[in-house]
Amino acid sequence: MAKALNVGVVGYGLSAKIFHIPFIAATLTLTLHSIVQRSPKDGNSAPADHPNLKHYTSADDLLADKEVDVIVVTTPPDNHFELTKRALESGKHVLTEKPFVPTSAEADKLIAIAKENSRLICVYQNRRWDSDFLLVKKLVKEGTLGRIVEFNSHFDRYRADAPTNWKGQIGIPQGGSALFDLGTHLIDQAYTLFGLPQSVHGRLLNQREGKADLFNPDAVSAELTYPDGLIVNVRISALSAETIQPRFWVRGFKGSFRKNTLDRQEDQLKAGMKPTEAGFGQDDNKTNARLTLVGEDAKTMKQVDVPELAPETYMAFYRALGDALVSGKEEDIPVKATQARDVLRILEGVVESAKTGKDAVLQK
């Protein structure tokens, strides 16, 4: 095998520590080479945690490091565009955390810059590899549920207090709020299954304060409509007082699938589990999921066993990314910038609709 590619990570917050560094370390085609942390301190220090790596306090120094092949941008989204642009122009491949950038126009600019510099760019939409979503994808793609007529996707939590970090400060214009933080995941999953919708209707709310909020909403209600009559409902709530939260409810001509609770990988990683450990990403479908199929007489309903899938986990994303970087082929990139651009178009449609109270038309 060719020499593994050297990876430099910009940022040392939750994203870097939980969602990137453990997976880079476990990917054979990649080597964790360096980390940028602006202000290391006791209890939160990249140099202390990773003494054998190179460490920088400025992204400028990392971008100038000729040993680095790939940059992973894990900073808040208001500087994703500038960091990704500079990394590409420095001759590095780039993986940018979601949300990619605040606007689809900025995404198009980065796509053009990547081509001009013959570099690859990828976006970290890791929840395409959630175990429950992969099961939904299998049921939809294999036709188990027949033609899908309604797809409901939830990300509900109870968070009475607003965040005090950057998430509570930057809004939609900077790529912030629940719409970009969580909505990006849900809408990307819907896009992965069904593509661009014909139109979007959206509402953006501040549930904590009981009002509409077009800057930093903590709740989102979005309806995506497709030419064949399919309706996708996306729901994000900050004040859902449930011990068991809904996740998916998919209704088709031949059956229905319901799933409660979020994918386990994030909680497992936060608890210190390594992505290579047995049981990582394994879902409890017997308890949290239900599959109902319509009988041949088109009248009776029968609950059947939910298929058990071997979890691919977020490792599958990183393996695919590493292979793509080695091959140098844009078609091998697991989440293409053009796809992230399309998701941003849908998010922009949600905002437009929330402002006007009318459907935003994405394709005629």
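This one's a predicted model, so the numbers in the text were calculated from it and none came from an experiment.

## Here we look at the overall build of the protein
Scanning the protein for helices and strands turns up twelve helices and 16 strands. Expected size for 364 residues packed as a compact globule is a radius of gyration near 21 Å; at 21 Å, the protein falls within 12% of this value. Summed over all atoms, the accessible surface of the protein reaches about 16,800 Å², with 49% contributed by carbon and sulfur. Where the 46 positive side-chain charges of the protein centre and where its 47 negative ones centre are 2 Å apart.

## What about the nonpolar core?
Membership of the largest hydrophobic core comes to 103 residues, with the highest contact counts inside it found for Val9, Phe100, Leu179, Phe257, Phe317 and Tyr318. Residue contacts for Leu179: discarding those within four places in its chain leaves Ile172, Thr184, Leu204, Val220, Leu347, Val350 and Val351.

## Observations concerning the pattern of salt bridges
In total, this model carries 18 salt bridges according to the counting rule given. The shortest N-O distance in the salt bridge between Lys259 and Asp132 comes to 3.3 Å. Residue Lys259 is found in strand β13 (residues 255-260), and its partner Asp132 is found in helix α6 (residues 131-141); the two are separated by 127 residues along the sequence. Asp132 carries the same exposure label as Lys259, and that label is buried. Note that Asp283 and Lys259 form a salt bridge whose closest N and O atoms lie 3.7 Å from each other. One end of the pair, Asp283, is in the loop between α9 (265-270) and α10 (285-288); the other, Lys259, is in strand β13, with 24 residues separating them in the sequence. Because the salt bridges share partners, they merge into one network encompassing Arg127, Asp130, Glu266 and Lys270.

## Here's the deal with helix α8 (residues 183-194)
The first and last C-alpha atoms of α8 sit 16 Å apart over twelve residues, in line with the 16 Å expected at 1.5 Å per residue. Most of α8 sits out of view: ten of its twelve residues are buried. Among the residues making up α8, those that are buried are Gly183, Thr184, His185, Leu186, Ile187, Asp188, Gln189, Ala190, Tyr191 and Leu193. Here the buried face of α8 lies against α6, β7 (148-156), α7 (177-181), β11 (231-237), β12 (246-252) and α12 (337-356).

## Side note on the side chain of Ser256
Within the fold, Ser256 resides in strand β13. A polar atom in the side chain of Ser256 sits 3.5 Å from the backbone oxygen of Val250. Setting aside residues up to four positions removed in sequence, Ser256 forms contacts with Leu145, Trp249, Val250, Arg251, Arg290, Leu291 and Thr292.

## Focus on the packing of aromatic side chains
Working definition: an aromatic ring pair is given by the centre-to-centre distance plus the angle between the planes. Tallying each qualifying case throughout the model produces twelve aromatic pairs. An angle of 50° between the planes, with centres 6.3 Å apart, marks the rings of Tyr124 and Tyr318 as tilted. Here the residue Tyr124 occupies a position in strand β6 (residues 121-124), and Tyr318 occupies one in helix α11 (residues 313-327), the gap between them amounting to 194 residues. Comparing Tyr124 with Tyr318, the two get one shared label, buried. Ring centres of Phe317 and Tyr318 lie 5.5 Å apart, and the angle between their planes is 90°; on these two criteria the pair is classed as edge-to-face. For the pair Phe317 and Tyr318, one class covers both residues: buried. Among the aromatic residues, those joined into a cluster by ring pairs are Phe19, Phe23, Tyr124, Trp129, Phe280, Tyr314, Phe317 and Tyr318. The ring of Trp249 carries the charged tip of Arg251 above its face, separated from the ring centre by 3.7 Å. Taking the ring centre of Trp249 as reference, the NZ or CZ of Arg258 above it sits at 3.9 Å.

Conventions adopted
- Residues numbered from 1 in each chain as written.
- Predicted model: local features only at pLDDT ≥ 70, side-chain atom pairs only at ≥ 80, totals over all residues.
- Heavy atoms only, no water.
- Helix = DSSP H or I, 4+ residues; strand = E, 2+ residues; numbered from the N terminus.
- Rg over C-alpha atoms; globule rule 2.2 N^0.38 Å.
- Areas by Shrake-Rupley, 256 points an atom, 1.4 Å probe, with all protein chains shown as cover.
- Lys, Arg positive; Asp, Glu negative; His and termini not counted.
- Charge placed at Lys NZ, Arg CZ, Asp CG, Glu CD.
- Core = buried A, V, L, I, M, F, W, Y, C linked by side-chain atoms within 4.5 Å.
- Buried < 20%, exposed > 50% of the residue type's maximum accessible area, 1.4 Å probe, protein only.
- Contact = heavy atoms within 4.5 Å.
- Salt bridge = Lys/Arg side-chain N within 4 Å of Asp/Glu carboxyl O.
- Expected span 1.5 Å × (residues − 1).
- Polar contact = N/O pair within 3.5 Å; in protein donor to acceptor, adjacent residues only side chain to side chain.
- Phe/Tyr/Trp six-rings, centres within 6.5 Å; stacked < 30°, edge-to-face > 60°.
- Lys NZ or Arg CZ within 6 Å of the ring centre and 35° of its normal.

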